[in-house]
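Report on the structure
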Amino acid sequence: MLRQIDRVINDLKGQVEQFKTQFGTPITIGSVGINVAQSYVSFEGPGRSYSTTGQGKHKHPYQDADEAERRLRHLAQQYFDEFLVLRFDEPILRLSLSLGSMPSV
């Protein structure tokens, strides 16, 4: 998670700059979801999946969550009028299925 945090922060800041360039002084609201699950499996194409191990570069989401939130609040929050951080630990697939956006398996 932390490997991507700088890109996320830069994207958030870039969005605000774009809005201000085009619209002057818009009301800006940032919302970020942080995965705090005990484990995670990344699917990166057919037959390629990687599970977190909790060690080295493969930490479980909950292990990076506090630092990710700290960085977001410190480096991105200042650019927004309101900034929401939402923590989740529900697998995305299960959440999507419960919302009815994907067919049942």
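A brief report on the enclosed structure follows. Small disclaimer: the values here were computed from a predicted structure and weren't measured.

Helix and strand counts for the protein come out as 3 helices and 4 strands. Helices (α) and strands (β) of the protein occur, in sequence order from the N terminus, as α-β-β-β-α-β-α. Counting all 105 residues of the protein, 25% fall into the buried class. Contacts in the protein between residues at least 24 apart in sequence constitute 63% of all its contacts with a sequence separation of at least 6. Approximately 7,800 Å² of the protein is accessible, and the part contributed by carbon and sulfur atoms is 52%.

Further remarks concern the side chain of aspartate 64. In this fold, aspartate 64 is placed in helix α2 (residues 61–75). Of the side chains with opposite charge, lysine 59 lies nearest to the buried aspartate 64, which makes no salt bridge, at 4.2 Å.

Under the definition given, this model contains 7 salt bridges. The partner of aspartate 11 in a salt bridge is arginine 7, and the shortest N-O contact between them spans 3.0 Å. Here aspartate 11 pairs with arginine 7, and both are found in helix α1 (residues 5–23), just 4 residues apart, close to one helical turn. Residue arginine 70 pairs with glutamate 67 through a salt bridge whose shortest N-O separation is 2.8 Å. Here arginine 70 pairs with glutamate 67, and both are found in helix α2, just 3 residues apart, close to one helical turn. With relative accessibility at 46%, the residue arginine 70 sits in the partly exposed group.

Here the structure, examined in full by the defined rule, presents 1 aromatic pair. A centroid spacing of 5.5 Å and a plane angle of 45° characterise the contact between phenylalanine 80 and phenylalanine 83, whose relative ring orientation is tilted. Each member of the pair, phenylalanine 80 as well as phenylalanine 83, carries the same accessibility label: buried.

The next point concerns α1. For α1, with 19 residues, the first-to-last C-alpha span of 27 Å sits near the 27 Å given by 1.5 Å per residue. All of the buried residues in α1 are Ile5, Ile9, Leu12 and Val16. Projection of α1 onto a plane perpendicular to its axis shows the buried side chains occupying an angular sector of 65°, all on one side. Of the surrounding secondary structure, the elements contacted by the buried residues of α1 are β1 (29–35), α2 and β4 (82–88).

Thresholds, definitions, all that
Residues numbered from 1 in each chain as written. Predicted model: local features only at pLDDT ≥ 70, side-chain atom pairs only at ≥ 80, totals over all residues. Heavy atoms only, no water. Helix = DSSP H or I, 4+ residues; strand = E, 2+ residues; numbered from the N terminus. Buried < 20%, exposed > 50% of the residue type's maximum accessible area, 1.4 Å probe, protein only. Contact = heavy atoms within 4.5 Å. Areas by Shrake-Rupley, 256 points an atom, 1.4 Å probe, with all protein chains shown as cover. Lys, Arg positive; Asp, Glu negative; His and termini not counted. Salt bridge = Lys/Arg side-chain N within 4 Å of Asp/Glu carboxyl O. Phe/Tyr/Trp six-rings, centres within 6.5 Å; stacked < 30°, edge-to-face > 60°. Expected span 1.5 Å × (residues − 1). Arc of directions from axis to C-beta.

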